[in-house]
Amino acid sequence: MSAMRRDIGVAALGEARLWLGTPYRHQASLRGVGCDCLGLLRGVWRGLYGAEPEQVPPYAATWAESAAPGAAPLTAAAARHLVPVAGATPGPGDVLLFAFRRHLPARHCAIATGDDAMIHAHDYAAVAEVALTAWWRRHLTGVYRFPEPPYGEPLATVSSTPSASMTLRTVS
């Protein structure tokens, strides 16, 4: 494993751990306030690279069940922005994709903490680190790594202090 890959994995895992305890909120991506599984991944990306690579369109909680035959939007987005890992054991900071039914596209994502655990946001629960059990492994459809930043651009530093983007305002 290259030093750069290890640095990105460690940084991604550090960012993901900052989200532990964040309540589940569909389509949200605000650390400490709420996120879904994609919101967690988006937040880790922002922590590593700054701006998100593309705008995420609104999606229903049951989007995978109503996806067009052959469509796999989560997998397609991962392929556009992440580096696929073929047949590898997940490493710290790797992105995991899961499909809950064989005939449906991947609809859940998580961040590996190593080969035996992951951090994810799940319906009706806070972001948590859980075991990567046999059940999860059976539903695993892909492993991806965060890309190396362009030459000369450092990774964002992991900070446990809130940033200005996390400021909430009351709307009346």
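Structure: above.
Residues numbered from 1 in each chain as written. Predicted model: local features only at pLDDT ≥ 70, side-chain atom pairs only at ≥ 80, totals over all residues. Heavy atoms only, no water.

A. A look at the nonpolar core. With 31 residues, the main nonpolar core has Val95, Leu97 and Phe146 as its most contacted residues. At the level of elements, helix H1 (3–18), helix H2 (37–49), helix H3 (73–81), strand S4 (95–98) and strand S5 (108–112) are the ones that each hand at least two residues to this core. It is H2 that provides the largest number of residues to this core, a total of 7 residues. If we skip the residues at most four places from it in the chain, Val95 touches Leu41, Leu82, Ala110, Ile111, Gly142, Val143, Tyr144 and Phe146. Of all hydrophobic cores here, the second largest spans 9 residues; its members include Val85, Phe98, Ala110 and Ala112. (Core = buried A, V, L, I, M, F, W, Y, C linked by side-chain atoms within 4.5 Å. Buried < 20%, exposed > 50% of the residue type's maximum accessible area, 1.4 Å probe, protein only. Helix = DSSP H or I, 4+ residues; strand = E, 2+ residues; numbered from the N terminus. Contact = heavy atoms within 4.5 Å.)

B. Here's a closer look at the sheet that holds strand S7 (residues 128–131). Overall, antiparallel pairing links the 6 strands, which are arranged S3-S8-S4-S5-S6-S7 in an open sheet. Strand pairing shows two members of the sheet lacking a second neighbour, strand S3 (83–84) and S7, which therefore form its edges. The pairing of S3 with strand S8 (residues 140–145) spans 2 bridges and is classified as antiparallel. Paired with Val83 across the two strands is Arg145, which belongs to S8. This element, H2, spans S4, S5 and strand S6 (117–120) of the sheet and lies at about 45° to S5. (Pairing = 2+ DSSP bridges. Axes fitted to C-alpha atoms, helices over the stretch in contact; angles between N-to-C directions.)

C. Structural detail: the pattern of salt bridges. For the coordinates displayed, the defined rule picks out 5 salt bridges. Put simply, Arg17 and Glu129 hold a salt bridge, and the shortest N to O gap is 3.2 Å. Separated by 112 residues along the polypeptide, Arg17 in helix H1 and Glu129 in strand S7 bring together distant segments of the chain. Look at Glu129 and you get partly exposed, because its relative accessible area is 36%. The structure contains a network of salt bridges with shared partners spanning Arg42, Arg46 and Glu52. (Salt bridge = Lys/Arg side-chain N within 4 Å of Asp/Glu carboxyl O.)

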